[in-house]
Amino acid sequence: MNMSTRISRRTWLSSLPALGGLLLTGCTRERFVPPVVRGGLIGAADVLTMSTNRLLLSGQQLAREYNRSDIADPFPTWNQTNPRSAEYQRHASEGFKNWRLPISGHVARPRELSLDEIRRLPARTQITAHICEQGWSAIGEWTGVPLQRVLEEAGGVTPAARYVVIDTFDGWYEGYDLFEVAHAQTILAYGLNGRDLPRGNGAPLRLRVERQCGYKNVKFLKSIRVVESMAGIGRGTGGINSDFGFHWFAGV
Amino acid sequence: MGADSAAISEARSPAAETSGTTHSYNVRICHWINLVSCAYLLWSGVHIFLDFPELYWGHTGYRGYPAAFRLADWGLSWEQAGALGDRRWGRNYHFTFAWVFLINGLVYVVWNLYSTHFRNQMLPARDEWTVARLLAELRDHLRWRSRRQAPGGHYGALQKTSYLVLIFVFVPLMILTGIAQSPGLTAAMPVLLDVFGGRQSARTLHTIGTVALMLFVVVHVLEVAAAGFFVKVRSMITGK
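**Some thoughts on the overall build of chain B**
Looking only at helices and strands, one finds 11 helices and two strands in chain B. Counting over 240 residues, chain B shows a buried share of 25%. Put simply, 71% of the contacts in chain B that link residues at least 6 apart link residues at least 24 apart.

**With respect to the packing of helix H3 (residues 40-56) of chain A against helix H4 (residues 87-114) of chain B**
Where H3(A) contacts H4(B), the two axes come as close as 9 Å, and the packing angle between them is 75°. As far as their axial angle goes, H4(B) and H3(A) are roughly perpendicular. Counted together, Leu41(A), Ile42(A), Ala45(A), Leu48(A) and Thr49(A) of H3(A) and Asn92(B), Phe95(B), Thr96(B) and Trp99(B) of H4(B) form the full contact between these two elements. Looking at the contact of H3(A) with H4(B) residue by residue, the classes come out as six nonpolar, three polar and no charged.

**Details of the sheet that holds strand S2 (residues 111-114) of chain A**
Residues and elements named next belong to chain A. Judged by pairing direction, the sheet is mixed, and its five strands sit side by side in the order S2-S1-S10-S5-S6 without closing on themselves. Each edge of the open sheet is held by one strand with a lone partner, namely S2 and strand S6 (173-177). Shown here is a sheet whose adjacent strand axes are inclined to one another by a mean of 20°, direction ignored. Note: strand S1 (residues 100-105) against S2, four bridges, orientation antiparallel. Bridge assignment links Pro102 to a residue of S2, and that residue is Glu112.

**Structural notes on unusual backbone geometry**
Residues and elements named next belong to chain A. With omega at 5°, the peptide bond leading from Asp73 into Pro74 counts as cis. Position of Pro74 among the secondary structure elements: in the loop between H3 and helix H4 (86-93). Residue Asn193 is not a glycine yet carries a positive backbone phi of 55°. Mapping Asn193 onto the fold places it in the loop between strand S7 (187-192) and strand S8 (195-196). For Phe220, which is not glycine, the phi dihedral falls at a positive 55°. Turning to its location among the elements, Phe220 is positioned in the loop between strand S9 (206-208) and strand S10 (221-227).

**A short note on the domain arrangement of chain A**
Residues and elements named next belong to chain A. The domain architecture assigned to chain A consists of domain 1 (9-56) and domain 2 (68-243). Distance between the C-alpha centres of domain 1 and domain 2: 27 Å. Contacts between the two partners involve six residues from domain 1 and, on the opposite side, nine residues from domain 2. Residues that form the side of domain 1 that touches domain 2 fall into these classes: three nonpolar, no polar and three charged.

**Quick word on the environment of Leu142(B)**
Residues and elements named next belong to chain B. Note that Leu142 resides in helix H6 (residues 131-142). The class for Leu142 is exposed, based on 9 C-beta atoms found within 10 Å. Distance from Leu142 to Val195, taken between C-alpha atoms, is 35 Å for residues 53 residues apart in sequence.

**Things to note about the interface of chain B and chain A**
In this complex, chain B contributes 28 residues to the contact, which on the side of chain A involves 34 residues. For the side of chain B that touches chain A, the elements supplying multiple residues, two or more each, are helix H2 (25-51), H4, helix H8 (183-188) and helix H10 (199-226) of chain B. Ranked by residues supplied to the side of chain B that touches chain A, first place goes to H4(B) with seven residues. Of the residues contributing to the side of chain B that touches chain A, the split by class is 11 nonpolar, 10 polar and seven charged.

**As for the pairing of S6(A)**
Residue and element names in this part refer to chain A. Of all five residues in S6, five are buried; the element is thus mostly enclosed. Burial along S6 is two-sided: Tyr173, Gly175 and Asp177 facing one way and Glu174 and Tyr176 facing the other are all buried. Looking at chain direction, strand S5 (residues 163-168) and S6 are connected through five bridges and run antiparallel. In the strand pairing of S6, Val164 is matched with Tyr176. In textbook terms, the turn of a hairpin is the stretch between consecutive antiparallel strands, and for S5 and S6 this stretch comprises four residues, one of which, Gly171, has a positive phi near 85°.

**Description of the nonpolar core**
Grouped together as the largest cluster of nonpolar side chains are 75 residues, with contacts concentrated most on Ile118(A), Val164(A), Ile166(A), Leu188(A) and Ala189(A). Among the domains, domain 1 (9-56) and domain 2 (68-243) of chain A are the pair contributing at least three residues each to this core. Ignoring sequence-local partners within four residues, the contact set of Ile118(A) consists of Leu101(A), Leu113(A), Val145(A), Val150(A), Leu188(A) and Tyr190(A). Counting residues in hydrophobic clusters, the runner-up holds six residues, among them Ala180(B), Leu192(B), Leu193(B) and Ala202(B).

**Details of the environment of Arg133(B)**
All names here are of chain B. Within the secondary structure, Arg133 sits in helix H6. On the neighbour-count criterion, Arg133 (16 C-beta atoms within 10 Å) is partly exposed. Placed 25 residues apart in sequence, Arg133 and Leu158 show a C-alpha to C-alpha distance of 8.7 Å. Sequence-distant contacts of Arg133, that is, excluding residues within four places in its chain, are made with Glu128 and Ala157.

**Focus: the confidence of the model for chain B**
Residue and element names in this part refer to chain B. Confidence in the prediction of chain B, expressed as mean pLDDT, is 87, and 88% of residues score 70 or more. Contacts of residues 1-20 to residues separated by more than four positions or lying in other chains number eight contacts, the stretch itself having pLDDT below 50. Scoring of the predicted complex yields 0.88 for pTM and 0.88 for ipTM.

**A word on the environment of Thr96(B)**
By the element assignment, Thr96(B) lies in helix H4. Separated by 56 residues in the primary sequence, Thr96(B) and Tyr40(B) have C-alpha atoms spaced 9.1 Å apart. Not counting residues within four places of it along the chain, the set of residues in contact with Thr96(B) comprises Leu41(A), Ile42(A) and Ala45(A).

Procedures and definitions
- Residues numbered from 1 in each chain as written.
- Chains lettered and ligands numbered in written order.
- Predicted model: local features only at pLDDT ≥ 70, side-chain atom pairs only at ≥ 80, totals over all residues.
- Helix = DSSP H or I, 4+ residues; strand = E, 2+ residues; numbered from the N terminus.
- Buried ≥ 20, exposed ≤ 12 C-beta atoms within 10 Å, placed from the backbone.
- Contact = placed C-beta atoms within 7 Å.
- Axes fitted to C-alpha atoms, helices over the stretch in contact; angles between N-to-C directions.
- Parallel < 35°, antiparallel > 145°, perpendicular 65-115°, else oblique.
- Nonpolar A, V, L, I, M, F, W, Y, C, P; charged D, E, K, R; others polar.
- Pairing = 2+ DSSP bridges.
- Domains from an automatic or database assignment.
- Core = buried A, V, L, I, M, F, W, Y, C linked by C-beta atoms within 7 Å.
- pLDDT = per-residue confidence, 0-100.

Structure (C-alpha coordinates):
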(Lines give C-alpha, C1' and ligand atoms only; values in the text may rest on other atoms or scores of the structure.)
Protein backbone atom coordinates (compact mmCIF):
# COMPACT_ATOMS: atom_id res chain seq x y z
CA MET A 1 0.00 0.00 0.00
CA ASN A 2 2.44 2.64 -1.13
CA MET A 3 0.26 5.75 -1.07
CA SER A 4 2.52 7.75 -3.35
CA THR A 5 2.17 5.35 -6.27
CA ARG A 6 -1.37 4.23 -5.61
CA ILE A 7 -3.90 6.48 -7.29
CA SER A 8 -7.11 6.46 -5.30
CA ARG A 9 -10.38 5.88 -7.08
CA ARG A 10 -11.49 9.37 -6.07
CA THR A 11 -8.47 10.98 -7.72
CA TRP A 12 -8.96 8.88 -10.81
CA LEU A 13 -12.69 9.68 -11.03
CA SER A 14 -12.23 13.38 -10.50
CA SER A 15 -9.53 13.55 -13.13
CA LEU A 16 -11.76 11.98 -15.80
CA PRO A 17 -13.44 15.23 -16.87
CA ALA A 18 -10.09 17.01 -17.03
CA LEU A 19 -8.86 14.17 -19.24
CA GLY A 20 -11.84 14.73 -21.51
CA GLY A 21 -10.99 18.39 -21.62
CA LEU A 22 -7.37 17.65 -22.44
CA LEU A 23 -8.39 15.63 -25.50
CA LEU A 24 -10.08 18.74 -26.83
CA THR A 25 -7.16 21.13 -26.36
CA GLY A 26 -6.13 20.59 -29.97
CA CYS A 27 -9.26 22.22 -31.33
CA THR A 28 -11.14 25.06 -29.71
CA ARG A 29 -11.40 23.73 -26.18
CA GLU A 30 -13.57 26.56 -24.85
CA ARG A 31 -16.24 25.73 -27.43
CA PHE A 32 -16.82 22.28 -25.90
CA VAL A 33 -15.64 22.51 -22.29
CA PRO A 34 -16.54 25.02 -19.54
CA PRO A 35 -13.72 27.39 -18.44
CA VAL A 36 -13.34 25.43 -15.20
CA VAL A 37 -14.36 21.77 -15.14
CA ARG A 38 -15.78 20.63 -11.82
CA GLY A 39 -14.50 17.43 -10.25
CA GLY A 40 -16.07 14.00 -10.31
CA LEU A 41 -19.16 12.79 -12.11
CA ILE A 42 -20.76 16.26 -12.20
CA GLY A 43 -17.80 17.64 -14.13
CA ALA A 44 -17.81 14.70 -16.53
CA ALA A 45 -21.52 15.30 -17.14
CA ASP A 46 -20.87 19.05 -17.67
CA VAL A 47 -18.34 18.24 -20.40
CA LEU A 48 -20.66 15.69 -22.02
CA THR A 49 -23.59 18.10 -21.94
CA MET A 50 -21.71 21.04 -23.40
CA SER A 51 -19.87 18.97 -26.03
CA THR A 52 -23.08 17.28 -27.15
CA ASN A 53 -24.93 20.58 -27.38
CA ARG A 54 -22.13 22.22 -29.31
CA LEU A 55 -21.71 19.30 -31.71
CA LEU A 56 -25.43 19.29 -32.43
CA LEU A 57 -25.41 23.08 -32.83
CA SER A 58 -22.28 23.21 -34.97
CA GLY A 59 -24.35 24.73 -37.78
CA GLN A 60 -25.25 27.68 -35.47
CA GLN A 61 -28.94 26.84 -35.93
CA LEU A 62 -31.41 29.44 -34.71
CA ALA A 63 -33.62 28.89 -31.70
CA ARG A 64 -37.33 28.66 -32.56
CA GLU A 65 -38.86 32.01 -33.46
CA TYR A 66 -42.57 32.37 -32.69
CA ASN A 67 -45.50 34.47 -33.91
CA ARG A 68 -46.68 37.80 -32.53
CA SER A 69 -49.79 36.05 -31.16
CA ASP A 70 -47.55 33.97 -28.83
CA ILE A 71 -46.07 37.02 -27.10
CA ALA A 72 -46.48 37.49 -23.35
CA ASP A 73 -47.41 41.11 -22.71
CA PRO A 74 -46.66 42.34 -20.10
CA PHE A 75 -43.58 40.14 -20.07
CA PRO A 76 -42.98 38.52 -16.66
CA THR A 77 -40.23 39.97 -14.48
CA TRP A 78 -38.07 37.88 -12.18
CA ASN A 79 -35.20 38.30 -9.72
CA GLN A 80 -33.69 41.79 -9.75
CA THR A 81 -36.07 44.36 -11.26
CA ASN A 82 -34.45 47.61 -10.10
CA PRO A 83 -30.74 47.61 -9.18
CA ARG A 84 -30.11 49.74 -6.10
CA SER A 85 -26.71 51.06 -7.15
CA ALA A 86 -26.60 54.87 -7.12
CA GLU A 87 -24.97 54.87 -10.53
CA TYR A 88 -27.82 52.85 -12.02
CA GLN A 89 -30.47 54.99 -10.35
CA ARG A 90 -28.83 58.16 -11.71
CA HIS A 91 -28.75 56.75 -15.26
CA ALA A 92 -32.36 55.59 -14.98
CA SER A 93 -33.51 59.01 -13.75
CA GLU A 94 -31.76 60.60 -16.75
CA GLY A 95 -33.45 58.20 -19.16
CA PHE A 96 -30.03 56.56 -19.77
CA LYS A 97 -28.89 59.61 -21.80
CA ASN A 98 -25.49 59.63 -20.10
CA TRP A 99 -25.14 55.87 -19.88
CA ARG A 100 -22.21 54.50 -21.88
CA LEU A 101 -21.23 50.92 -22.62
CA PRO A 102 -17.44 50.51 -22.41
CA ILE A 103 -15.96 47.73 -24.56
CA SER A 104 -12.48 46.89 -23.35
CA GLY A 105 -9.86 44.13 -23.29
CA HIS A 106 -8.87 42.11 -26.32
CA VAL A 107 -10.50 44.26 -28.98
CA ALA A 108 -8.69 46.23 -31.68
CA ARG A 109 -10.02 49.66 -30.59
CA PRO A 110 -11.50 49.78 -27.07
CA ARG A 111 -14.31 52.36 -26.95
CA GLU A 112 -17.60 53.39 -25.40
CA LEU A 113 -21.01 53.35 -27.06
CA SER A 114 -24.02 55.41 -26.08
CA LEU A 115 -27.54 53.98 -26.22
CA ASP A 116 -28.26 56.11 -29.31
CA GLU A 117 -25.15 54.82 -31.05
CA ILE A 118 -26.21 51.25 -30.31
CA ARG A 119 -29.73 51.96 -31.60
CA ARG A 120 -28.30 53.29 -34.87
CA LEU A 121 -26.50 49.98 -35.59
CA PRO A 122 -28.27 47.38 -37.80
CA ALA A 123 -30.99 45.88 -35.61
CA ARG A 124 -32.40 42.39 -35.29
CA THR A 125 -35.88 41.59 -33.99
CA GLN A 126 -36.64 38.07 -32.79
CA ILE A 127 -39.70 36.54 -31.13
CA THR A 128 -38.20 33.89 -28.88
CA ALA A 129 -38.85 32.01 -25.66
CA HIS A 130 -37.08 33.06 -22.48
CA ILE A 131 -36.48 29.74 -20.74
CA CYS A 132 -35.85 30.01 -17.04
CA GLU A 133 -33.88 27.21 -15.44
CA GLN A 134 -36.58 27.07 -12.78
CA GLY A 135 -39.03 25.70 -15.34
CA TRP A 136 -41.08 28.63 -16.62
CA SER A 137 -40.88 30.09 -20.10
CA ALA A 138 -42.38 33.14 -21.78
CA ILE A 139 -42.24 34.43 -25.34
CA GLY A 140 -41.21 38.00 -26.10
CA GLU A 141 -40.26 40.11 -29.08
CA TRP A 142 -36.70 41.31 -28.55
CA THR A 143 -35.08 44.08 -30.60
CA GLY A 144 -31.37 44.77 -30.42
CA VAL A 145 -27.98 44.57 -32.08
CA PRO A 146 -26.01 41.34 -32.52
CA LEU A 147 -23.23 41.26 -29.91
CA GLN A 148 -20.78 40.39 -32.67
CA ARG A 149 -21.71 43.63 -34.46
CA VAL A 150 -21.20 45.64 -31.28
CA LEU A 151 -17.71 44.12 -30.87
CA GLU A 152 -16.95 45.07 -34.48
CA GLU A 153 -17.65 48.69 -33.50
CA ALA A 154 -14.61 48.27 -31.26
CA GLY A 155 -12.56 46.89 -34.13
CA GLY A 156 -13.42 43.24 -33.46
CA VAL A 157 -11.71 40.79 -31.10
CA THR A 158 -7.99 40.12 -31.29
CA PRO A 159 -6.53 36.59 -31.75
CA ALA A 160 -5.93 36.17 -28.00
CA ALA A 161 -9.63 36.64 -27.19
CA ARG A 162 -11.44 33.60 -25.75
CA TYR A 163 -14.37 34.89 -23.67
CA VAL A 164 -16.63 37.92 -23.58
CA VAL A 165 -17.45 39.03 -20.04
CA ILE A 166 -20.52 41.13 -19.36
CA ASP A 167 -20.79 43.10 -16.11
CA THR A 168 -24.14 44.37 -14.89
CA PHE A 169 -25.44 47.05 -12.55
CA ASP A 170 -26.87 44.48 -10.13
CA GLY A 171 -23.36 43.14 -9.49
CA TRP A 172 -23.60 40.14 -11.78
CA TYR A 173 -21.07 39.06 -14.36
CA GLU A 174 -21.18 36.25 -16.88
CA GLY A 175 -18.71 34.90 -19.41
CA TYR A 176 -19.53 33.65 -22.91
CA ASP A 177 -17.32 31.78 -25.33
CA LEU A 178 -16.88 33.20 -28.82
CA PHE A 179 -19.09 30.50 -30.42
CA GLU A 180 -22.03 31.77 -28.37
CA VAL A 181 -21.12 35.37 -29.15
CA ALA A 182 -21.02 34.70 -32.91
CA HIS A 183 -24.59 33.34 -32.99
CA ALA A 184 -27.04 35.47 -35.01
CA GLN A 185 -29.57 35.55 -32.17
CA THR A 186 -27.03 36.61 -29.54
CA ILE A 187 -28.10 40.24 -29.32
CA LEU A 188 -27.91 43.17 -26.92
CA ALA A 189 -31.61 44.01 -26.67
CA TYR A 190 -32.94 47.51 -26.02
CA GLY A 191 -36.53 46.77 -27.06
CA LEU A 192 -39.17 44.35 -25.79
CA ASN A 193 -42.56 43.80 -27.41
CA GLY A 194 -42.21 46.91 -29.60
CA ARG A 195 -41.35 49.29 -26.75
CA ASP A 196 -38.20 50.37 -24.92
CA LEU A 197 -36.90 47.60 -22.67
CA PRO A 198 -38.68 48.13 -19.31
CA ARG A 199 -36.59 48.54 -16.18
CA GLY A 200 -37.92 45.28 -14.72
CA ASN A 201 -36.65 43.39 -17.77
CA GLY A 202 -33.16 44.92 -17.73
CA ALA A 203 -33.12 48.50 -19.08
CA PRO A 204 -31.26 49.99 -20.79
CA LEU A 205 -29.72 46.91 -22.37
CA ARG A 206 -29.82 43.16 -21.75
CA LEU A 207 -28.21 40.17 -23.37
CA ARG A 208 -30.20 37.55 -25.24
CA VAL A 209 -28.52 34.15 -25.60
CA GLU A 210 -31.46 32.15 -26.90
CA ARG A 211 -29.86 28.71 -26.65
CA GLN A 212 -29.16 29.00 -22.93
CA CYS A 213 -31.30 29.31 -19.81
CA GLY A 214 -32.58 32.54 -18.35
CA TYR A 215 -29.73 33.22 -15.94
CA LYS A 216 -27.25 33.60 -18.80
CA ASN A 217 -29.49 36.32 -20.31
CA VAL A 218 -28.13 39.02 -18.04
CA LYS A 219 -29.88 42.36 -17.51
CA PHE A 220 -28.82 45.98 -16.74
CA LEU A 221 -25.61 45.95 -18.80
CA LYS A 222 -22.74 47.98 -17.40
CA SER A 223 -19.69 47.00 -19.44
CA ILE A 224 -18.21 44.46 -21.82
CA ARG A 225 -14.71 43.00 -21.45
CA VAL A 226 -13.06 40.65 -23.92
CA VAL A 227 -10.62 38.37 -22.10
CA GLU A 228 -8.20 35.56 -22.72
CA SER A 229 -9.16 33.63 -19.59
CA MET A 230 -11.83 33.73 -16.91
CA ALA A 231 -9.22 33.18 -14.19
CA GLY A 232 -9.10 36.03 -11.69
CA ILE A 233 -12.61 37.25 -12.48
CA GLY A 234 -14.98 36.62 -9.57
CA ARG A 235 -14.16 33.17 -8.24
CA GLY A 236 -12.75 32.26 -11.64
CA THR A 237 -15.36 29.74 -12.75
CA GLY A 238 -16.55 31.88 -15.66
CA GLY A 239 -19.66 33.58 -14.27
CA ILE A 240 -21.47 34.49 -11.09
CA ASN A 241 -23.94 31.62 -11.50
CA SER A 242 -21.21 29.01 -11.80
CA ASP A 243 -19.40 30.73 -8.90
CA PHE A 244 -22.47 29.74 -6.89
CA GLY A 245 -22.55 26.16 -8.18
CA PHE A 246 -24.94 26.40 -11.13
CA HIS A 247 -23.94 25.12 -14.58
CA TRP A 248 -21.67 27.49 -16.47
CA PHE A 249 -23.05 26.18 -19.73
CA ALA A 250 -26.80 26.51 -19.35
CA GLY A 251 -27.98 24.90 -22.57
CA VAL A 252 -30.08 22.37 -20.65
CA MET B 1 -43.01 -44.88 -20.47
CA GLY B 2 -43.45 -43.19 -17.12
CA ALA B 3 -39.73 -43.44 -16.45
CA ASP B 4 -38.98 -42.00 -19.89
CA SER B 5 -41.10 -38.87 -19.45
CA ALA B 6 -39.65 -38.30 -15.99
CA ALA B 7 -36.17 -38.49 -17.48
CA ILE B 8 -37.10 -36.02 -20.21
CA SER B 9 -38.61 -33.53 -17.81
CA GLU B 10 -35.60 -33.88 -15.54
CA ALA B 11 -33.29 -33.27 -18.45
CA ARG B 12 -35.24 -30.22 -19.53
CA SER B 13 -36.06 -28.54 -16.30
CA PRO B 14 -32.55 -27.46 -15.20
CA ALA B 15 -31.98 -25.82 -18.57
CA ALA B 16 -35.37 -24.15 -18.48
CA GLU B 17 -34.72 -22.88 -14.99
CA THR B 18 -31.27 -21.62 -15.82
CA SER B 19 -32.47 -19.58 -18.77
CA GLY B 20 -35.37 -18.19 -16.81
CA THR B 21 -34.02 -17.40 -13.38
CA THR B 22 -30.40 -16.43 -13.78
CA HIS B 23 -29.37 -12.99 -14.89
CA SER B 24 -26.27 -12.24 -16.93
CA TYR B 25 -23.52 -9.96 -15.60
CA ASN B 26 -24.72 -7.26 -17.94
CA VAL B 27 -28.33 -7.40 -16.76
CA ARG B 28 -27.32 -7.42 -13.10
CA ILE B 29 -24.81 -4.55 -13.29
CA CYS B 30 -27.12 -2.43 -15.45
CA HIS B 31 -30.06 -3.12 -13.15
CA TRP B 32 -28.35 -1.73 -10.05
CA ILE B 33 -26.71 1.23 -11.83
CA ASN B 34 -30.16 1.95 -13.22
CA LEU B 35 -31.68 1.83 -9.75
CA VAL B 36 -29.14 4.33 -8.40
CA SER B 37 -29.59 6.66 -11.41
CA CYS B 38 -33.38 6.52 -11.21
CA ALA B 39 -33.30 7.26 -7.49
CA TYR B 40 -31.10 10.31 -8.09
CA LEU B 41 -33.17 11.39 -11.12
CA LEU B 42 -36.38 11.16 -9.11
CA TRP B 43 -35.08 12.98 -6.05
CA SER B 44 -33.32 15.72 -8.04
CA GLY B 45 -36.38 16.05 -10.28
CA VAL B 46 -38.58 16.55 -7.22
CA HIS B 47 -36.22 19.33 -6.09
CA ILE B 48 -36.40 21.04 -9.50
CA PHE B 49 -40.20 20.77 -9.54
CA LEU B 50 -40.61 22.11 -5.99
CA ASP B 51 -38.71 25.22 -7.01
CA PHE B 52 -41.43 26.01 -9.53
CA PRO B 53 -44.43 23.93 -8.48
CA GLU B 54 -46.81 24.64 -11.38
CA LEU B 55 -47.37 22.84 -14.68
CA TYR B 56 -48.70 24.31 -17.93
CA TRP B 57 -49.74 23.18 -21.39
CA GLY B 58 -48.33 24.60 -24.62
CA HIS B 59 -45.22 26.62 -25.43
CA THR B 60 -45.28 29.03 -22.48
CA GLY B 61 -46.08 29.07 -18.82
CA TYR B 62 -45.05 31.38 -16.01
CA ARG B 63 -46.31 32.57 -12.67
CA GLY B 64 -49.70 34.15 -13.36
CA TYR B 65 -50.31 32.20 -16.60
CA PRO B 66 -53.26 29.73 -16.49
CA ALA B 67 -51.82 26.55 -14.98
CA ALA B 68 -52.75 22.92 -15.65
CA PHE B 69 -51.55 21.90 -12.18
CA ARG B 70 -50.69 23.92 -9.11
CA LEU B 71 -49.17 22.31 -6.05
CA ALA B 72 -50.77 25.14 -4.07
CA ASP B 73 -54.18 23.56 -4.82
CA TRP B 74 -52.95 20.44 -3.01
CA GLY B 75 -51.99 22.22 0.17
CA LEU B 76 -48.34 23.18 -0.38
CA SER B 77 -47.93 26.89 -1.00
CA TRP B 78 -45.38 28.34 -3.43
CA GLU B 79 -43.19 29.53 -0.55
CA GLN B 80 -43.36 26.23 1.34
CA ALA B 81 -42.48 24.27 -1.81
CA GLY B 82 -39.67 26.67 -2.65
CA ALA B 83 -38.21 26.23 0.83
CA LEU B 84 -38.16 22.44 0.35
CA GLY B 85 -36.73 22.41 -3.17
CA ASP B 86 -33.12 23.19 -4.01
CA ARG B 87 -32.90 23.59 -7.77
CA ARG B 88 -29.13 24.09 -7.82
CA TRP B 89 -28.59 20.68 -6.23
CA GLY B 90 -31.45 19.32 -8.32
CA ARG B 91 -30.17 20.52 -11.67
CA ASN B 92 -26.58 19.44 -10.98
CA TYR B 93 -27.59 15.90 -10.06
CA HIS B 94 -30.45 15.56 -12.54
CA PHE B 95 -28.19 16.24 -15.52
CA THR B 96 -25.36 14.14 -14.08
CA PHE B 97 -27.48 11.06 -13.52
CA ALA B 98 -29.35 11.61 -16.78
CA TRP B 99 -26.00 10.82 -18.43
CA VAL B 100 -25.38 7.82 -16.17
CA PHE B 101 -28.92 6.58 -16.91
CA LEU B 102 -28.55 7.16 -20.66
CA ILE B 103 -25.13 5.52 -21.04
CA ASN B 104 -26.11 2.61 -18.78
CA GLY B 105 -29.36 2.17 -20.72
CA LEU B 106 -27.58 2.22 -24.08
CA VAL B 107 -25.05 -0.37 -22.87
CA TYR B 108 -27.93 -2.55 -21.63
CA VAL B 109 -29.97 -2.26 -24.83
CA VAL B 110 -27.09 -2.70 -27.28
CA TRP B 111 -25.62 -5.59 -25.30
CA ASN B 112 -28.90 -7.45 -25.09
CA LEU B 113 -29.88 -6.80 -28.68
CA TYR B 114 -26.54 -8.39 -29.56
CA SER B 115 -26.89 -11.24 -27.06
CA THR B 116 -30.02 -13.34 -27.04
CA HIS B 117 -31.58 -11.85 -23.89
CA PHE B 118 -34.26 -9.77 -25.59
CA ARG B 119 -35.01 -12.39 -28.24
CA ASN B 120 -35.15 -15.41 -25.94
CA GLN B 121 -36.49 -14.02 -22.71
CA MET B 122 -38.37 -10.85 -23.49
CA LEU B 123 -39.97 -11.17 -26.91
CA PRO B 124 -43.37 -12.85 -26.38
CA ALA B 125 -43.98 -15.90 -28.57
CA ARG B 126 -46.83 -15.55 -31.05
CA ASP B 127 -49.10 -17.90 -29.08
CA GLU B 128 -48.39 -15.93 -25.88
CA TRP B 129 -49.53 -12.67 -27.34
CA THR B 130 -53.27 -13.21 -27.42
CA VAL B 131 -55.88 -11.14 -25.66
CA ALA B 132 -57.22 -14.21 -23.84
CA ARG B 133 -53.75 -15.13 -22.59
CA LEU B 134 -52.92 -11.59 -21.45
CA LEU B 135 -56.29 -11.27 -19.67
CA ALA B 136 -55.77 -14.63 -17.95
CA GLU B 137 -52.33 -13.48 -16.77
CA LEU B 138 -53.71 -10.17 -15.59
CA ARG B 139 -56.35 -12.05 -13.57
CA ASP B 140 -53.63 -14.22 -12.06
CA HIS B 141 -51.57 -11.17 -11.13
CA LEU B 142 -54.54 -9.55 -9.45
CA ARG B 143 -55.12 -12.78 -7.50
CA TRP B 144 -51.46 -12.72 -6.43
CA ARG B 145 -50.65 -15.88 -8.40
CA SER B 146 -48.12 -14.41 -10.74
CA ARG B 147 -46.19 -17.54 -11.67
CA ARG B 148 -48.95 -19.92 -12.80
CA GLN B 149 -48.79 -18.91 -16.43
CA ALA B 150 -45.04 -18.91 -16.54
CA PRO B 151 -43.63 -22.27 -15.50
CA GLY B 152 -39.91 -22.82 -15.13
CA GLY B 153 -39.16 -19.30 -13.99
CA HIS B 154 -39.75 -17.68 -17.40
CA TYR B 155 -41.21 -14.24 -17.71
CA GLY B 156 -44.97 -14.16 -18.32
CA ALA B 157 -46.28 -12.64 -21.55
CA LEU B 158 -47.70 -9.67 -19.66
CA GLN B 159 -44.39 -9.17 -17.90
CA LYS B 160 -42.47 -9.38 -21.19
CA THR B 161 -44.85 -6.88 -22.79
CA SER B 162 -44.52 -4.40 -19.93
CA TYR B 163 -40.71 -4.62 -19.96
CA LEU B 164 -40.57 -4.08 -23.72
CA VAL B 165 -42.98 -1.13 -23.60
CA LEU B 166 -41.02 0.35 -20.68
CA ILE B 167 -37.63 0.02 -22.39
CA PHE B 168 -38.52 0.87 -25.97
CA VAL B 169 -41.45 3.29 -25.62
CA PHE B 170 -41.68 4.75 -22.15
CA VAL B 171 -38.02 5.45 -21.35
CA PRO B 172 -37.34 7.06 -24.78
CA LEU B 173 -40.38 9.27 -24.21
CA MET B 174 -39.03 10.31 -20.79
CA ILE B 175 -35.67 11.20 -22.37
CA LEU B 176 -37.31 13.11 -25.22
CA THR B 177 -39.71 15.07 -22.97
CA GLY B 178 -36.65 15.88 -20.85
CA ILE B 179 -34.52 17.25 -23.66
CA ALA B 180 -37.56 19.01 -25.19
CA GLN B 181 -37.17 21.43 -22.25
CA SER B 182 -33.57 22.30 -23.12
CA PRO B 183 -33.02 25.62 -24.89
CA GLY B 184 -29.90 24.28 -26.61
CA LEU B 185 -31.17 20.90 -27.73
CA THR B 186 -34.50 22.31 -28.98
CA ALA B 187 -32.56 24.77 -31.14
CA ALA B 188 -30.74 21.76 -32.60
CA MET B 189 -33.90 19.62 -32.84
CA PRO B 190 -36.94 21.93 -33.04
CA VAL B 191 -39.17 18.98 -33.95
CA LEU B 192 -39.12 18.14 -30.21
CA LEU B 193 -41.18 21.27 -29.58
CA ASP B 194 -43.78 20.20 -32.13
CA VAL B 195 -44.24 16.53 -31.22
CA PHE B 196 -45.07 17.29 -27.59
CA GLY B 197 -47.04 20.47 -28.30
CA GLY B 198 -44.53 22.83 -26.71
CA ARG B 199 -41.87 23.12 -24.05
CA GLN B 200 -44.33 23.41 -21.17
CA SER B 201 -46.36 20.43 -22.44
CA ALA B 202 -43.11 18.45 -22.50
CA ARG B 203 -42.42 19.47 -18.89
CA THR B 204 -45.93 18.41 -17.87
CA LEU B 205 -45.63 15.06 -19.72
CA HIS B 206 -42.20 14.53 -18.12
CA THR B 207 -43.81 14.98 -14.69
CA ILE B 208 -46.76 12.68 -15.51
CA GLY B 209 -44.23 10.14 -16.81
CA THR B 210 -42.37 10.33 -13.49
CA VAL B 211 -45.55 9.44 -11.60
CA ALA B 212 -46.25 6.60 -14.04
CA LEU B 213 -42.69 5.34 -13.59
CA MET B 214 -43.10 5.38 -9.82
CA LEU B 215 -46.27 3.29 -10.20
CA PHE B 216 -44.32 0.86 -12.38
CA VAL B 217 -41.68 0.54 -9.68
CA VAL B 218 -44.35 -0.09 -7.03
CA VAL B 219 -45.90 -2.88 -9.13
CA HIS B 220 -42.43 -4.23 -9.99
CA VAL B 221 -41.44 -4.46 -6.33
CA LEU B 222 -44.80 -6.02 -5.40
CA GLU B 223 -44.33 -8.64 -8.12
CA VAL B 224 -40.83 -9.37 -6.88
CA ALA B 225 -42.26 -9.73 -3.37
CA ALA B 226 -44.95 -12.09 -4.69
CA ALA B 227 -42.33 -14.23 -6.39
CA GLY B 228 -40.12 -14.33 -3.26
CA PHE B 229 -38.35 -11.08 -2.48
CA PHE B 230 -35.05 -12.36 -1.08
CA VAL B 231 -34.59 -15.09 -3.69
CA LYS B 232 -35.24 -12.64 -6.50
CA VAL B 233 -33.06 -9.86 -5.13
CA ARG B 234 -30.27 -12.35 -4.46
CA SER B 235 -30.54 -13.63 -8.01
CA MET B 236 -30.29 -10.07 -9.36
CA ILE B 237 -27.11 -9.61 -7.29
CA THR B 238 -25.34 -12.97 -7.56
CA GLY B 239 -26.91 -14.33 -10.72
CA LYS B 240 -27.90 -17.58 -8.97
